[in-house]
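Below are the chains, spelled out letter by letter.
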Amino acid sequence: QVRLVESGGGSVQPGDSLSLSCAASGRTFSIIAMGWFRQAPGKARETVATISYNGGEIWYRESVRGRFTISRDNTKKTVTLKMEDLKPEDTAIYYCAEDSRGPEALRVGVMAGRGNWGQGTQVTVSS
């Protein structure tokens, strides 16, 4: 079982930047797909970005393309989400999750309420 711990959230103003980190423990990190997801109060869960085991396949939801960057370091067993030009609409609890089957299976599974994810970190963007 891969354990995931998110960190780096906080309260910022529109236009600011923030970097989230996901630390993973487990012996299979280097061969599993990872992703960032978010959920705002009263709203549906959303996929933010996913990355394949070797970084060769990256997916972003349209609303964050050009502003967010997902990356991973398989040596350190971490996944990072660098967020720039943050908007109030980005306010949510951000979670990281994993799936050994690949990015597509990860996205489908998390949206269906399945999978392995961490405790989340709060991101609040307001004036």
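All values reported here derive from a predicted model rather than from experimental measurement.

Here's the deal with the sheet that holds strand β7 (residues 68-73)
For sheets, the rule is that strands pair by backbone hydrogen bonds, running either parallel or antiparallel. In space, the four strands of this open sheet follow the order β1-β3-β8-β7, with antiparallel pairing throughout. One side of each edge strand has no neighbouring strand; the edge strands of this open sheet are β1 (3-7) and β7. Ignoring strand direction, the axes of neighbouring strands in this sheet form an average angle of 15 degrees. Relative to strand β8 (residues 78-83), β7 is paired through six bridges, and the arrangement is antiparallel. Pairing of S71 across the sheet is with T80, part of β8.

Some thoughts on the nonpolar core
Counting 28 residues, the largest nonpolar core has W36, L81, M83 and Y94 as its most contacted members. Among the elements that take part in this core, strand β3 (residues 18-25) stands out by supplying four residues, more than any other.

Let's talk about the state of the cysteines
By the definition in use, this model includes one disulfide. Each sulfur of the disulfide joining C22 and C96 lies 2.0 Å from the other. Taking the sign of the S-S torsion, about 55 degrees here, the bridge from C22 to C96 comes out right-handed. Residue C22 is located in strand β3, and its partner C96 is located in strand β9 (residues 92-99); the two are separated by 74 residues in the primary sequence. Accessibility assignment for this pair places C22 and C96 in one class, buried.

Regarding the packing of aromatic side chains
The final tally for this structure, using the stated rule, is zero aromatic pairs. One Lys or Arg, R72, reaches over the ring of F29 and ends 4.7 Å from the middle of that ring.

Focus: the layout of surface pockets
Approximately 160 Å³ is the volume found for the largest pocket. For the largest pocket, the lining is made up of 13 residues, of which A40, K43, E46, E89 and T91 are closest to its centre. Its residues assigned to classes, the lining of the largest pocket comprises five nonpolar, three polar and five charged.

Side note on the pairing of strand β5 (residues 46-51)
Taking burial as the measure, the six residues of β5 include five buried ones, the bulk of the element. Counting the residues between successive antiparallel strands, the hairpin from strand β4 (residues 33-39) to β5 contains six residues, one of them, G42, with a positive phi of roughly 75 degrees. With three bridges joining them, β5 and strand β6 (residues 58-60) adopt antiparallel strand pairing. Bridge pairing in β6 places I51 opposite I58. Between β5 and the antiparallel strand that follows it, β6, lie six residues; G55 among them carries a positive phi value of about 80 degrees.

Thoughts on the environment of C96
Overall, C96 belongs to the buried group, its relative accessible area being 1%. For the pair formed by C96 and V5, sequence separation is 91 residues and the distance between their alpha carbons is 7.9 Å. Ignoring any residue separated from it by four or fewer positions in sequence, one finds C96 in contact with L4, E6, C22, G35, W36, N116, W117 and G118.

So, the side chain of R67
Mapped onto the elements, R67 comes out in the loop between β6 and β7. Judged by relative accessible area, which is 10%, R67 ranks as buried. A polar contact is formed between the side chain of R67 and the backbone oxygen of S63, at a distance of 2.9 Å. With residues up to four places along the chain from it excluded, the contact list for R67 reads K82, M83, E84, D85, L86, K87 and D90.

Cut-offs and rules
- Residues numbered from 1 in each chain as written.
- Predicted model: local features only at pLDDT ≥ 70, side-chain atom pairs only at ≥ 80, totals over all residues.
- Heavy atoms only, no water.
- Pairing = 2+ DSSP bridges.
- Helix = DSSP H or I, 4+ residues; strand = E, 2+ residues; numbered from the N terminus.
- Axes fitted to C-alpha atoms, helices over the stretch in contact; angles between N-to-C directions.
- Core = buried A, V, L, I, M, F, W, Y, C linked by side-chain atoms within 4.5 Å.
- Buried < 20%, exposed > 50% of the residue type's maximum accessible area, 1.4 Å probe, protein only.
- Disulfide = S-S within 2.5 Å.
- Phe/Tyr/Trp six-rings, centres within 6.5 Å; stacked < 30°, edge-to-face > 60°.
- Lys NZ or Arg CZ within 6 Å of the ring centre and 35° of its normal.
- 1 Å grid on protein atoms, 1.4 Å probe; cavity = no way out; pocket = protein on both sides within 12 Å on 5 of 7 lines; lining within 4 Å.
- Points joined across faces, edges and corners; volume = space filled by probe spheres on them.
- Nonpolar A, V, L, I, M, F, W, Y, C, P; charged D, E, K, R; others polar.
- Contact = heavy atoms within 4.5 Å.
- Polar contact = N/O pair within 3.5 Å; in protein donor to acceptor, adjacent residues only side chain to side chain.

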